[in-house]
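This is what each chain is made of:
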Amino acid sequence: MGGTSSKLPKDLLSEYQELTFLTKQEILLAHKIFSELQGGENGPYSSRVSMQKILTLPELKANPFRKRLCHVFSTSDMKDGSLNFEDFLDLLSAFSDSATLEIKSHYAFRIFDFDDDGTLDARDLEKLVNCLTGETDNTRLTAEEMRQLISNILEESDIDKDGTVNLSEFQHVISRSPDFVSSFKIVL
Amino acid sequence: MAASQIMELTSSEDEDQDQIELEAIRRPHRAVKFDMKHANQEDLEAQHHHEPKHTNALHRNNWSSSTQRVLSSMPSRSIRFNQSTALSRSTKTRRRRPLSIVSTSYCATEQEVFRGQEDCVDDVTQNEDLLNKLQGLSAAECVRVLREMPLSVSEKRKIRAWFDFWDAGQPLSANRARCCHQFKAWFLKVLCGGCSGRVSQQKSIQIWQGVLKKISAHFGTGILSYFIFLRRLLHYNILLFFITSLFLVLPQISNPPSSKNKSEATAELWMLTGMGILTDSVMFYGHYGKSTNESCKPEIKLCPESYNIPLAYIFTIGAGMFITCVMLVYSISKSFGKSFRIFKTTGNLALKVFCSWDFKVSKKQSVKLQSVNICIQLKEMLSELSCKKQKRNLYSTFGWLSLHFLVWSICLLCIAACMLAVYYLHPYIEQDNHKLTKAIDWLKLPLIVSCISHLLPGFFDMLSRAEHYGSPSTQIYVSIVRNLLLKGCIFGVLCYYWLKKISVRKNEPNTSQCWETLVGQELYRFVLMDLLFAMSYIILAEFLWGLCIRNITLRRRKLEFDIARDVLELIYGQTLVWFGVLFSPLLPAVQIGKLFLLFYFKKTSLMMNFQPPRKHWRATQMSAFFIKLLFFPSFTGALACVIYTMWRVKPSSDCGPFSNLASMLLLGKKWIKGLGKSKPSMLWLSWAYNNLVDNPLFLFITAGLFLGIIYIHMQVLDGQKMIISKLQEQIDNEGEDKKFLIAKLQALNEAGAQQ
């Protein structure tokens, strides 16, 4: 969808409204922000916005999972994390107020799956914990603590005992937390 | 398949089973795998028990290639979204079920088994499959199902285009049938008001949306829940205000009664005390007359048809309370559904790691703080797991019990002292024979009550810190209980005083006193003083004290927001308003103004003086808990007092709409009973009232039915819990089976390779 930079066609707007969890106002706002991001790119009709530009958004700038967000929602063939407008809508829809728990947990799983292999193994979990605890040295866990933490996580959530957490096990863990839906939200 | 071959082999080599010995491979950085040296069940269990900390996982780095292939094609490993399976699951039932995303695709490549999933799936057959399943659905259903699938928007649009294209080619009769179905669906949707989940349209026009987003960006979901609670209370008050003003205040304003006595037109601080001009205004009960045209003389102007104010009074208050009740119960049921989870006692580390990141926080400083908090919490949880719990001996148990007993008795004594103070400081007790002319005397009691209800809970919190509770959530619940007890007792004493003492006072022969107006004025003063005290508390204790703390302590610490205490303050204020609406129909308007001011004051103070919370606040659960508290005891207490007033307390005899009746509800009863005679067309209503509402048997039967339904639901819930635990056991057992089979497979492959 390259299109004109100012207006979103009405039928497209209603289609997006039906297929995503966003309201009309949210889609229009997303369109406005996306056009602003697009404006600086070379040529007004390049429909993809590069990852660096997306990451300048204030809602994503400080988020430790920002790069993974771009990679998960990007449908670009070059796997460079660039998003077109529909990918951007996908991102906002998954993080919106009315998205279901299944959608959110599905995308959360994909975001946490750093090597994109369909399961969360020990390496993924280690990277996840490092993202959560931050980059500075005094907030990282020691190697011993990390090992203990990962083995405890696998013990708690790995039901079929294959050493990795797959999507069903992940969703089973998530279903125990009522706070997940409210904390897995981004509002523009 | 390799697996079936193994099964044949093992069954034929039964006698060799005991001789199969697999060595436990120890990897230095991984956990120990299971040891198949002992084939006995007890030995296996003993080994499990012996090494409880290890993950006992099925993970080896040098499985043979055929084992790898089997492992990688297992459904749990090759999970990816399968559209048709998801569709079949979600269309089977209208109830929400988790989407099945187990794929049955088989990947032939060995090395790239975990990557390149798109190569493995046959897209064309999947899409045909999908279309077949979608055929049975209407367009609206199709859209709903598509929305809930985790595909990208472009893929969803393609599917929708195919569906529309296919749809257009259908014969006319099928179209007509679908048309009716669509109309029915649309009608139901309109009726249910968006039950299918499109209520998000209304959310975008909620007030304070931008401000709340800013708060959540800095402080996270916990503190946001306080402001959302405040907004919810605002909605309830706006609703109550609309109802009372439309049906009660406006008719009375448009036809004011002749003023019976020129009351003191000027009184100092009339706005604060509610006296003076406000006494005989629509603000309070005493102003309302029996009907709107009692002072209308037919020869002077055209008299409008009489609007029965007393009846309107009863029905307005009743309708307002009923609608508030329905809305509260609906909110409780929704939040209960969100917060109800079957919790395991262990297993919180995984939950913490997967669910604790709050994506709403977007300021860099707050993100850093969140990371630090999560790190500290993880370290605490790990250290708790590794160190053993101290065994309490008799001496320390006794000490712990006596400490708790001491603190509780101090708290209860304080509460009793406050109750006595409130009772005896009441101005009417002091008054006796002389009038209180100074406005400040009227304000003494509300000021003292506000002081007590704001400051004493802080004192209770300080005491509870000395108690060293085991978990922070216990501490929060105990402090909430103490706070509630305090506020409930104060409210109880006030109600007792008003309904028992003031209402039966004998007035002086010359002055006409409306006890209802007096009570209304008291409540008005309470609400206003609460606001003033809260604002001055914010200015003094938060701004000034926060400034001192920031500059004096070396670490420049800011204050911490006590969510529970502030929410209980809001609940207490709302209880007063719900009780006071009977005596002062415009009190909800005052409360609306109060909530607005409180919101902006609190928000400014929060931004300047507070830091993001250090402890994790379980927002969903605590919000559900506070809504329940709002319903019981706050709303039910106020409702009980209102019903008691309308039913048992004699209205004052010379003012107000119910001046010559024994109780307010008697008017309603008389009216309904007389309705049959005056308007024959409404005889059914009168009959219904006499035989259904007034008949205790009918009420017993309906109550019994409700209890029966609740019991059935509870039994169903228990049954489901049992099923869940049985399924959990089954999964564990199948995991054991899988481990066994894979190890056997590996052993046979190795044995085969050696030969």
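Basis of the calculations
- Residues numbered from 1 in each chain as written.
- Chains lettered and ligands numbered in written order.
- Predicted model: local features only at pLDDT ≥ 70, side-chain atom pairs only at ≥ 80, totals over all residues.
- Heavy atoms only, no water.
- Helix = DSSP H or I, 4+ residues; strand = E, 2+ residues; numbered from the N terminus.
- Buried < 20%, exposed > 50% of the residue type's maximum accessible area, 1.4 Å probe, protein only.
- Contact = heavy atoms within 4.5 Å.
- Areas by Shrake-Rupley, 256 points an atom, 1.4 Å probe, with all protein chains shown as cover.
- pLDDT = per-residue confidence, 0-100.
- Phe/Tyr/Trp six-rings, centres within 6.5 Å; stacked < 30°, edge-to-face > 60°.
- Lys NZ or Arg CZ within 6 Å of the ring centre and 35° of its normal.
- Patch = residues over 30% accessible without salt bridge, like charges linked within 9 Å, V, L, I, M, F, W, Y side chains within 5 Å.
- Salt bridge = Lys/Arg side-chain N within 4 Å of Asp/Glu carboxyl O.
- Buried area = accessible area lost by both parts, 1.4 Å probe.
- Polar contact = N/O pair within 3.5 Å; in protein donor to acceptor, adjacent residues only side chain to side chain.
- Nonpolar A, V, L, I, M, F, W, Y, C, P; charged D, E, K, R; others polar.

**Q** What am I meant to see in the overall build of chain B here?
**A** Within chain B one finds 27 helices and zero strands. When the 755 residues of chain B are sorted by exposure, 43% land in the buried category. Across chain B, contacts joining residues at least 24 apart in sequence account for 76% of those joining residues at least 6 apart. Accessible surface, chain B: about 42,300 Å² in total, of which carbon and sulfur atoms supply 63%.

**Q** When you look at the confidence of the model for chain A in this model, what are you seeing that I'm missing?
**A** Low-pLDDT portions of the prediction should not be read for the details of their coordinates. Averaged over every residue, the pLDDT of chain A is 85; the share at 70 or more is 93%. Per-element confidence in chain A ranges from a low mean pLDDT of 87 for helix H11 (residues 180–183) of chain A to a high of 92 for helix H7 (residues 101–112) of chain A.

**Q** How should the packing of aromatic side chains be read in this particular structure?
**A** The full count for this structure, using the stated rule, is 44 aromatic pairs over all chains. A centroid spacing of 5.5 Å and a plane angle of 75° characterise the contact between phenylalanine 579 of chain B and phenylalanine 583 of chain B, whose relative ring orientation is edge-to-face. Relative accessible area serves as the criterion here: at 0%, phenylalanine 579 of chain B is assigned to the buried category. On the basis of relative accessible area, phenylalanine 583 of chain B is assigned to the buried category, the value being 0%. An aromatic cluster of three or more residues is present, and its members are Phe65, Phe95, Phe109, Phe112, Phe170, Phe180 and Phe184 of chain A together with Phe354, Trp357 and Phe359 of chain B. The ring of tryptophan 408 of chain B carries the charged tip of arginine 482 of chain B above its face, separated from the ring centre by 4.4 Å. Between the NZ or CZ atom of arginine 648 of chain B and the centre of the ring of tryptophan 647 of chain B, over which it lies, the distance is 4.7 Å.

**Q** Help me out: how do you make sense of a nonpolar patch on the surface in this one?
**A** Residues and elements named next belong to chain B. Nonpolar side chains collect at one region of the surface, where Leu403, Leu406, Ile410, Phe459 and Met462 lie side by side and expose about 420 Å² of accessible area between them. Secondary-structure elements contributing two or more residues to the nonpolar patch are helix H17 (394–424) and helix H19 (439–465). Sorting elements by how many residues they give to the nonpolar patch places H17 first, with three residues. Topologically, leucine 406 is positioned in helix H17.

**Q** I'm lost on the interface of chain A and chain B in this one. Help?
**A** Quite often, the size of an interface is put as the accessible area lost when its parts meet. The partner chain B presents 82 residues to the 81 residues of chain A that form the contact. Overall, the association of chain A and chain B removes approximately 7,200 Å² of surface from exposure, summing both partners, and the carbon and sulfur fraction of that is 60%. Looking at the side of chain A facing chain B, the largest losses of area belong to Leu19, Leu132 and Arg176 of chain A, adding up to 11% of the total buried there. Put simply, chain A and chain B have four salt bridges between them. Note that glutamate 15 of chain A and arginine 157 of chain B form a salt bridge whose closest N and O atoms lie 3.6 Å from each other. For the pair chain A and chain B, the number of links is 16 residue pairs in polar contact (both at pLDDT 80 or more). Top contributing element to the side of chain A that touches chain B by residue count: helix H9 (residues 143–157) of chain A, with ten residues. Here the residues of the side of chain A that touches chain B are counted per class, giving 34 nonpolar, 27 polar and 20 charged.

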